[in-house]
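The lines below spell out each chain.
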Amino acid sequence: MSIDNAAQFVPKRITPTPEQLAIQTSQKKVVLIDANAGAAKTTTLALRLAEALHRGRPPECMLALVFTEAARVALRQRLLEVGVPLGVVKRLTIDTFDTFAARVLGQLEGVQVASLCSDEELRPVAWKALEVVSEKYAHRYPLEINTTNAAIAEFLKLQLRTKARLDFDAPDFDGNSLEDKLEMLGMSRTHYLWLREYEGLRGADTGEIQFRAPFDATYDLVRMLCDDEPLRQQLPAYQIIVADELHDLNEASFRLLTMLIRRGNAFFCGAGDKDQVIYTWSGADHRFLRQRFEQEFPSLQRMPLTASYRYGTELAQAVGTLKNKPSVSALTRGTPVEVLYYDHAQPQACCAQLIAALEHAHAGTTAILLRDRDQAIRVETALFQSGIAYGLVDMNSYLLNQEVLMLRGMVAIARMDLYAIKSGPRRGEILEALVAFAEIPFTRAQLQQAKADVASYPELLEGFLTNQLAKSVNQDKAALTLAAVEYLRAQPADAPAGPALQQVFAMLQLEQTARRIYVDPAQARVVARSLHGFIAVCTEAGVALQGFAGWLGEMEEAVTVSSGKAKLVIACIDQIKGLEYNHVILPYLAVDEFPRSKTDPLEEENRFYVAATRARDRLTLLTPQDPAYQSRYIAVLPPGKGKR
């Protein structure tokens, strides 16, 4: 780049801020943008690329990397908006990390490898790998064989995280005993063996790759290049590299990025917000932005983007206080921060305040953002009872949670009322939930056939489950399950459902069961909370066992009707990064609700920051009246804001 530090590119429709101009024209080899939420990171990276183009760099020598397809489209759009011609934009390489890695692998390997992108496509491979584990190791080790969709989803999440962190490639990993490896990885023997067999089926051990799932291309390329300097010289060499959303970096993508920077001795500019690291389950780590870049490139320059174009002054001040960093708004309008109090001793009080807040909702979309899905139980029930339509963003209604389906199935079997569950596919899902929580070791073929049979002939469910429990290798668990069914069957039709389900919860030891079923301990705790919450709602509603199925069916039908485009949406915080809403409501800001215990305090604080900064026009926080029960995040609000 030219040593002239004055901007040579003048964008259309915007006037860059001094911070943006400084980044656009910086002469440093490696520049890290420390950006606040909504601070136009993508636009600033577009300005950086446009400046290099204007100074004569050919588009073909530039690379832009992002983590999602949505981010790729956004960067391309920002380039067009600031005035880069479409023909030039088309000549730039703008890719996700994984798409770029797959393209490079295609050139190095000289073959086209199948891409399996969804859990539905990957399940058969995961099932097959688990069958291999059972055949090879069941006579040697006690194994937990679970072929339900939930177990497969948990496994696929685990294998992605393991690869993203390069856990199997740690120094001296292979030299350790199996027990030491399990301790290092923090996983069960079954899951470790399952991962190994899955990678064997994928061809990762031999290099003869049969397919690649999401993130496998990045993982495979980094493993191929790490110890092969001559091969790294075959990487494409770029003179200019930019990268967005660097707070989502994991070990594998970080190593690929540093290899590319060194390969072409490139000028690099990356943007991220270290306070938005919440995807640690996929290997994301704040240390990449805070430490690792400086270790790799000691002379890098850090540059800020402090002004938000999403929210106004009040919210900017609040998040600046929370994260102890400069935070201002570039907007003339405000974003009020409102705190509403509720009596924490009254289970329905928080949702009553939430309904009241919705009565004063402004134009545009309102989002109720939850710490996790267990909080949806009270929120959805309150909305249903108030006749308020809502949609769901990247989550199911709590009525479809596996633990709730299991309890629905227990009641249906006990009352011999299986036709009350009208949907055939739903009956199949209920069977799968019962199989999971009864811990019946079904093969994939057995489970699929059983689901199909019960979907068509619901009267088969009771006999099928009873027969399978009688043959189960886990007779203790089978006996508890049968005893729970008999307990429910002995209850009169007008018996309240809530207390009866509480007894089933205790009889089946469901909290301990959840810890066995779910890989992630945090997820097991969410399932336990969900069960407690569902039973409490049933108790408060006063629904009897004979009306239980109809009550839930009516609610499920209402959710189905309102699940399209909605002005009111419910979402979990982890699913909404990059989105924004006119009005954001955060319920249950209470001790052990948010932040949650047994969770990294910094990640929890980041999660609150992400949630709060989705708001454009208004942020409403719901917290207990008693300060002893309030979330510690309430204390960071600047003084003088409206509270009631």
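Keep in mind the model is a prediction, meaning the values are calculated, not measured.

## Considering the overall build of the protein chain
A tally of regular secondary structure across the protein chain gives 26 helices and 16 strands. In summary, the protein chain has a C-alpha radius of gyration of 27 Å against a globular reference of 26 Å for 644 residues, a match within 12%. If one aligns the C-alpha atoms of the protein chain with their principal axes, the spans along those axes are about 85 × 65 × 40 Å. Here the protein chain holds 644 residues, and 54% of them are scored as buried. Partitioning the contacts of the protein chain with sequence separation of at least 6, the portion at a separation of at least 24 is 78%. Carbon together with sulfur atoms contributes 51% to the accessible area of the protein chain, which is approximately 26,600 Å² in total.

## Topic: helix H18 (residues 424–438)
With 15 residues, H18 should reach 21 Å at 1.5 Å per residue; the first-to-last C-alpha distance of 21 Å fits that figure. Counting buried residues along H18, 13 of its 15 residues qualify, which places the element largely inside the surrounding structure.

## Overview of the packing of helix H6 (residues 119–137) against helix H9 (residues 189–202)
At a closest axis distance of 8 Å, the pairing of H6 and H9 adopts a crossing angle of 120 degrees. Here H9 runs oblique to H6, going by the angle between their axes. Considering how the two elements wind past one another, H6 and H9 form a crossing that is right-handed. For the pair H6 and H9, the contacting residues are Leu122, Val125, Ala126, Lys128, Ala129, Leu130, Val132, Val133, Lys136 and Tyr137 in the first and Thr190, Leu193, Trp194, Glu197, Tyr198 and Leu201 in the second. Looking at side-chain class alone, the contact of H6 with H9 contains 12 nonpolar, 1 polar and 3 charged residues.

## Notes on the pattern of salt bridges
The tally for this structure, following the rule as stated, stands at 49 salt bridges. A salt bridge links Lys163 to Asp216; the nearest nitrogen and oxygen atoms lie 2.6 Å apart. Here the residue Lys163 occupies a position in helix H7 (residues 149–164), and Asp216 occupies one in helix H10 (residues 216–225), the gap between them amounting to 53 residues. Of the two residues, Lys163 and Asp216, both sit in the buried class.

## Examining unusual backbone geometry
In this chain, Phe594 is followed by Pro595 through a cis amide linkage whose omega measures 10 degrees. Relative to the helices and strands, Pro595 is located in the loop between strand S15 (581–586) and helix H26 (601–612). Of note, the phi angle at Asp592 is positive, near 70 degrees, even though the residue is not glycine. With respect to the helices and strands, Asp592 occurs in the loop between S15 and H26. For Lys598, which is not a glycine, the phi torsion comes out positive at approximately 60 degrees.

## Considering the confidence of the model for the protein chain
In the predicted model, the protein chain carries a mean pLDDT of 89, and the fraction of residues at 70 or more is 96%. Put simply, helix H20 (residues 460–471) is where the protein chain has its lowest mean pLDDT, 73, and strand S6 (residues 240–243) is where it has its highest, 98. In this model residues 639–643 is a low-confidence stretch, pLDDT under 50, and it forms 8 contacts with partners more than four residues away in sequence or in other chains.

## Focus on the sheet that holds strand S3 (residues 93–96)
What holds strands together in a sheet is hydrogen bonding between their backbones, with the strands either parallel or antiparallel. Spatial strand order, S3-S2-S6-S7-S1-S8: 6 strands in an open sheet with parallel pairing. What marks the edges here is a single partner per strand, and that holds for S3 and strand S8 (301–305). Between one strand axis and the next, the sheet turns by 15 degrees as a mean value, whatever way the strands run. Bridging between strand S2 (residues 62–66) and S6 involves 4 bridges; their strand directions are parallel. Directly across from Leu63, in S6, lies its bridge partner Ile241.

## What about the sheet that holds strand S12 (residues 366–370)?
A sheet is described by the order of its strands in space; here 6 strands give the open sequence S11-S16-S15-S12-S14-S13, paired in parallel fashion. The sheet is open, and its two borders are formed by strand S11 (337–342) and strand S13 (391–393), each paired with just one other strand. If you compare each strand with its neighbour and ignore which way they point, the axes differ by 25 degrees on average. One ladder, built from 3 bridges, connects S13 with strand S14 (residues 568–572); its direction is parallel. If you follow Leu392 over to S14, its bridge partner there is Ile570. Sheet strands in contact with helix H15 (residues 349–359) are S11, S12, S14, S15 and strand S16 (615–624), and its direction is about 140 degrees off that of S11.

## What to know about the pairing of S14
The element S14 is extensively covered by neighbouring structure, given that 5 of its 5 residues are classed as buried. Along S14, one buried face is formed by Leu568, Ile570 and Cys572 and the opposite face, lined by Val569 and Ala571, is buried too. Strand direction decides the pairing type here: S12 and S14, joined by 5 bridges, are parallel. Opposite Leu370, over in S14, you have Cys572 as the bridge partner.

## A word on the environment of Val435
With respect to the element layout, Val435 can be found in helix H18. Taking the relative accessible area as the measure of exposure, Val435 reaches 3% and is therefore buried. Non-local contacts of Val435, meaning those with residues more than four positions away in its chain, are made with Thr148, Ile440, Phe442 and Leu447.

## Topic: the nonpolar core
In terms of nonpolar packing, the biggest core is built from 58 residues, with Met406, Leu407, Met410 and Phe534 touching the most fellow members. Other than its neighbours up to four places away in sequence, Met406 contacts Ala433, Leu434, Phe437, Leu508, Leu510 and Leu531. By size, the runner-up hydrophobic cluster in this structure holds 38 residues, among which are Val104, Val222, Leu225 and Ala252.

## Considering the packing of aromatic side chains
One pass over the full model with this rule turns up 17 aromatic pairs. Aromatic side chains Tyr137 and Tyr141 sit 6.2 Å apart centroid to centroid with 25 degrees between the ring planes, which places their arrangement in the stacked category. Taking the centre distance of 5.7 Å and the plane angle of 70 degrees together, the rings of Phe168 and Tyr192 count as edge-to-face. Placement of Phe168 in the loop between H7 and helix H8 (178–185) and of Tyr192 in helix H9 is noted, with a sequence separation of 24 residues between them. A single burial state applies to Phe168 and to Tyr192, both of which are buried. Of note, Lys29 hangs over the ring of Phe267, and the distance from its end group to the ring centre comes to 4.3 Å.

Rules of the game
Residues numbered from 1 in each chain as written. Predicted model: local features only at pLDDT ≥ 70, side-chain atom pairs only at ≥ 80, totals over all residues. Heavy atoms only, no water. Helix = DSSP H or I, 4+ residues; strand = E, 2+ residues; numbered from the N terminus. Rg over C-alpha atoms; globule rule 2.2 N^0.38 Å. Buried < 20%, exposed > 50% of the residue type's maximum accessible area, 1.4 Å probe, protein only. Contact = heavy atoms within 4.5 Å. Areas by Shrake-Rupley, 256 points an atom, 1.4 Å probe, with all protein chains shown as cover. Expected span 1.5 Å × (residues − 1). Axes fitted to C-alpha atoms, helices over the stretch in contact; angles between N-to-C directions. Parallel < 35°, antiparallel > 145°, perpendicular 65-115°, else oblique. Left-handed = near helix turned anticlockwise from the far one by under 90°. Nonpolar A, V, L, I, M, F, W, Y, C, P; charged D, E, K, R; others polar. Salt bridge = Lys/Arg side-chain N within 4 Å of Asp/Glu carboxyl O. pLDDT = per-residue confidence, 0-100. Pairing = 2+ DSSP bridges. Core = buried A, V, L, I, M, F, W, Y, C linked by side-chain atoms within 4.5 Å. Phe/Tyr/Trp six-rings, centres within 6.5 Å; stacked < 30°, edge-to-face > 60°. Lys NZ or Arg CZ within 6 Å of the ring centre and 35° of its normal.

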